[in-house]
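Coordinate analysis (summary)
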Amino acid sequence: MSDIKNLEQRILRALDRISRNVDAVRAAPVQQQTPPPAQDTSDLRAQLDAERAKNAQLTERVNAVRQRQESSFTSLERRLARMTEQLDLQSLEMLRLKKANTKLIEANRQLRDGHEAMVIEPSAINRSLLAELEALRAERAADMVEMEDVLGELKPLIATGDDHA
């Protein structure tokens, strides 16, 4: 019980101190803040305008960089599409070359077998010559595709050289 009375007395004393402090704050004169002088305001406005100008310049630079990146990206996409197409053409020509070489190998095997048997059929000679001709055509087509690739890469360099001349 004595603890409760002791706590009550402590609370009452704390409330009295709070009350006195509140009265002291009410009695104190209110201090008004004075606005900054006009010169400080004009300096701040000048600094703000300078920062806005810098911000505008940075925004322009960012937009210019973004446009360069977009044009570079578009250029790279076109180049990738062209190279993919060239790779597809090369793959088709290589497949054709592989088939022609397979026929040529088979025709040469038949010629060897006929030679060993001492009986060479004219149709085997014809098949061998046709297979060889087809292999040569496939090889030429593969070379043409490769040359087109090289020329496709050289054309932009040649055009750039003409611009500088």
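These lines cover the structure that appears in this document, whether it is placed above or below. (Residues numbered from 1 in each chain as written. Predicted model: local features only at pLDDT ≥ 70, side-chain atom pairs only at ≥ 80, totals over all residues. Heavy atoms only, no water.)

Some words on the pattern of salt bridges
Counted only if it meets this: Definition used for salt bridges: Asp or Glu carboxyl oxygen within 4 Å of a side-chain nitrogen of Lys or Arg. Note on conventions: DSSP H or I runs of at least 4 residues are helices, E runs of at least 2 residues are strands, and numbering of each starts at the N terminus.
All chains considered together, the criterion is met by 7 salt bridges. The partner of Arg79 in a salt bridge is Glu153, and the shortest N-O contact between them spans 3.1 Å. One end of the pair, Arg79, is in helix 2 (residues 38-116); the other, Glu153, is in helix 3 (residues 122-164), and 74 residues separate them in sequence. Members of the salt-bridge network, linked through shared partners, are Arg79, Arg82 and Glu153.

Re the nonpolar core
The criterion, for reference: Residues belong to one nonpolar core when they are buried, are Ala, Val, Leu, Ile, Met, Phe, Trp, Tyr or Cys, and are joined through side-chain atoms within 4.5 Å. Partly exposed describes any residue whose relative accessible area lies between the buried limit of under 20% and the exposed limit of over 50%, with all areas from a 1.4 Å probe on protein chains only and scaled to the type maximum. Between two residues, a contact is recorded if the distance between any of their heavy atoms is within 4.5 Å.
In terms of nonpolar packing, the biggest core is built from 7 residues, these being Leu97, Ala100, Leu104, Ala107, Ala131, Ala135 and Ala138. Elements supplying a minimum of two residues to this core: helix 2 and helix 3. Of the residues forming this core, the biggest block, 4 residues, is contributed by helix 2. Apart from the residues within four sequence positions on either side, Ala138 is in contact with Glu93, Arg96, Leu97 and Ala100.

Some points on a nonpolar patch on the surface
Under the convention used in this document: By definition, no residue in a patch forms a salt bridge, and every one has over 30% relative accessible area; like charges are joined within 9 Å, nonpolar side chains (Val, Leu, Ile, Met, Phe, Trp, Tyr) within 5 Å. With residues, only the protein chains shown are counted as cover, and all accessible areas are computed by Shrake-Rupley using a 1.4 Å probe.
Together, Ile11, Leu12, Leu15, Ile18 and Val22 make up a nonpolar patch on the protein surface, roughly 470 Å² of accessible area in all. Mapped onto the secondary structure, Ile11 falls in helix 1 (residues 2-27).

Remarks on the environment of Ala100
Looking at where Ala100 falls in the secondary structure, it is placed in helix 2. Between the C-alpha atom of Ala100 and that of Leu130, which follows or precedes it by 30 residues, the distance is 9.5 Å.

Some details on a positive patch on the surface
This is how it is decided: In summary, the charge assignment counts Lys and Arg as positive and Asp and Glu as negative, without counting His or the chain termini. By convention, the point assigned to a charge is CZ for Arg, NZ for Lys, CD for Glu and CG for Asp.
Judged by side-chain charge, Arg10, Arg13, Arg17 and Arg20 come together as a positively charged surface patch. Tracing the backbone through its elements, the reader meets Arg20 in helix 1. The exposed category is assigned to Arg20, whose relative accessible area is 53%.

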